[in-house]
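Secondary and tertiary structure notes
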Amino acid sequence: MIGAGVMGETLLSGLVRAGRRVDQLLVGEKREERAAELQERYGVAVVSNLDAATKADTVALVVKPQDMADVLAEISSVLRPGQLLVSLAAGITTDFIESRVPHGVAVVRVMPNTPALVDQGMSAISAGSHCDEEHLVEAEALMASVGKVVRVPEKQQDAVTAISGSGPAYVFFVVESMIEAGVHLGLPRSTASELVIQTLVGSALMLRETGEHPTVLREQVTSPGGTTAAALRELEIHRVRAAFLAALEAARDRSRELAGG
Ligand SMILES: NC(=O)C1=CN([C@@H]2O[C@H](COP(=O)(O)OP(=O)(O)OC[C@H]3O[C@@H](n4cnc5c(N)ncnc54)[C@H](O)[C@@H]3O)[C@@H](O)[C@H]2O)C=CC1
Ligand SMILES: O=C(O)[C@@H]1CCC=N1
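Residues numbered from 1 in each chain as written. Chains lettered and ligands numbered in written order. Predicted model: local features only at pLDDT ≥ 70, side-chain atom pairs only at ≥ 80, totals over all residues.

Some details on the site of ligand 1
If you check the shell around ligand 1, you find 28 residues, and the closest are Gly3, Gly5, Met7, Ala89 and Ala90. Going through the elements one at a time, helix H1 (6-17) and helix H4 (68-75) are the ones with two or more residues in the shell around ligand 1. For the shell around ligand 1, the leading source of residues is H1, giving 3 residues. By residue class, the composition of the shell around ligand 1 is 13 nonpolar, 8 polar and 7 charged. (Near = placed C-beta within 6 Å. Helix = DSSP H or I, 4+ residues; strand = E, 2+ residues; numbered from the N terminus. Nonpolar A, V, L, I, M, F, W, Y, C, P; charged D, E, K, R; others polar.)

The following block contains the structure:
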């Protein structure tokens, strides 16, 4: 793994929880104090990027999109055909990577999300042009250690990034807003927080376990002339649905821009 910030550590900790042998993992991380922290926390070997790229069959690239070109320039000379590069960077295309590494190196683009930290991640993966089924299965196994995995055509990855990659942030934003509203209505912050979090978890499990459309579940809560109808009317007046559409379009567009720096 090259780059062990938020997402890198999330993946690393998931691999360790899933029973991968720590002595088969190598981490390249630029910040020395961060590298020492990971070494201490997981017992993983922290090495140079060149060392990691030379020794590993599979290299996960978990640096910011803006740092990807530098990392590829650094490791390109030791990469070889058949080796697998798994990029988790938003916006970076397989073309971008393939044009900077030797011909025949396999590239898989992944968009993960942070609930991977509790093994409830959602990752979408797409194959580059020198990638066979075995490489895809390997990348799938890597991400399956921290949650669900789906395969998508690469042209859908910017939309995926907007939905599930950034998605946890929108959910946390809604949770923050509901807790603040609860405090405004006079509830102690701890009570508001517990009510909101359990409502979120319960609603999420209901969606998964009943398989019902969210509209049906929303209608079940909405009594005629009742409290929910009054609240939903305000959300419509404040154009929350339109705001989500605009927000996700902005995220999709930003993902498209990121490979350009
Ligand atoms: N945080 C999130 O929710 C998600 C992040 N991603 C993607 O994951 C990637 C990493 O994101 P975060 O972990 O949030 O960022 P981060 O900034 O927390 O981590 C990046 C790490 O890479 C290290 N780094 C930078 N240049 C390096 C180099 N040349 N050699 C070795 N290490 C280097 C940095 O020191 C840092 O620890 C990004 O490309 C992002 O688009 C994808 C989905 C979700
Ligand atoms: O905000 C970002 O750019 C990254 C990609 C998806 C989630 N976090």
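The discussion continues.
Some words on the environment of Gln198
Within the secondary structure layout, Gln198 lies in helix H9 (residues 189-210). Considering only alpha carbons, one finds Gln198 and Ala52, 146 residues apart in sequence, at a separation of 42 Å.

So, the nonpolar core
Core analysis: the largest hydrophobic core is formed by 49 residues, its most contacted members being Leu11, Ala60, Leu61, Val62, Leu85 and Val86. In terms of residues, this core owes the most to one element, strand S5 (residues 106-111), which gives 5 residues. (Core = buried A, V, L, I, M, F, W, Y, C linked by C-beta atoms within 7 Å. Buried ≥ 20, exposed ≤ 12 C-beta atoms within 10 Å, placed from the backbone.)

Re the UniProt feature "domain: Pyrroline-5-carboxylate reductase catalytic N-terminal" (unreviewed entry) in the chain
Those residues carrying the UniProt feature "domain: Pyrroline-5-carboxylate reductase catalytic N-terminal" (unreviewed entry) are residues 2-91 in this numbering. Regarding residues 2-91, the helix share stands at 42% and the strand share at 16%, and the terminal C-alpha atoms are separated by 17 Å. (UniProt positions renumbered as here; feature names shortened; annotations may be inferred.)

Comments concerning the domain arrangement of the chain
Per the domain assignment, the segments of the chain are domain 1 (6-152) and domain 2 (167-258). Taking the mean C-alpha position of each, domain 1 and domain 2 sit 33 Å from one another. Residue classes in the side of domain 1 that touches domain 2 are distributed as 4 nonpolar, 3 polar and no charged. (Domains from an automatic or database assignment.)

Describing H4
Of all the positions in H4, only Met68, Val71, Leu72 and Ile75 are classed as buried. Viewed along the axis of H4, the buried residues span an arc of 100°, placing them on a single side of the element. Seen from the open side of H4, the exposed residues pointing more than 90 degrees away from its buried face are Asp70 and Ala73. Buried residues along H4 sit in contact with helix H3 (49-55), strand S3 (58-61) and helix H5 (94-98). (Arc of directions from axis to C-beta. Contact = placed C-beta atoms within 7 Å.)

Points about the UniProt feature "domain: Pyrroline-5-carboxylate reductase dimerisation" (unreviewed entry) in the chain
Under the present numbering, the feature "domain: Pyrroline-5-carboxylate reductase dimerisation" (unreviewed entry) in UniProt falls on residues 154-258. Annotated as 83% helix and 0% strand, the span residues 154-258 places its first and last C-alpha atoms 15 Å apart.

Topic: the packing of helix H8 (residues 167-184) against H9
At a closest axis distance of 9 Å, the pairing of H8 and H9 adopts a crossing angle of 140°. Considered as vectors, H8 and H9 are oriented oblique to each other. Crossing of H8 over H9 shows right-handed handedness. Touching Val175, Met178, Ile179, Gly182 and Val183 of H8 are Arg189, Ala192, Ser193, Leu195, Val196, Ile197 and Leu200, all from H9. Its residues assigned to classes, the contact of H8 with H9 comprises 9 nonpolar, 2 polar and 1 charged. (Axes fitted to C-alpha atoms, helices over the stretch in contact; angles between N-to-C directions. Parallel < 35°, antiparallel > 145°, perpendicular 65-115°, else oblique. Left-handed = near helix turned anticlockwise from the far one by under 90°.)

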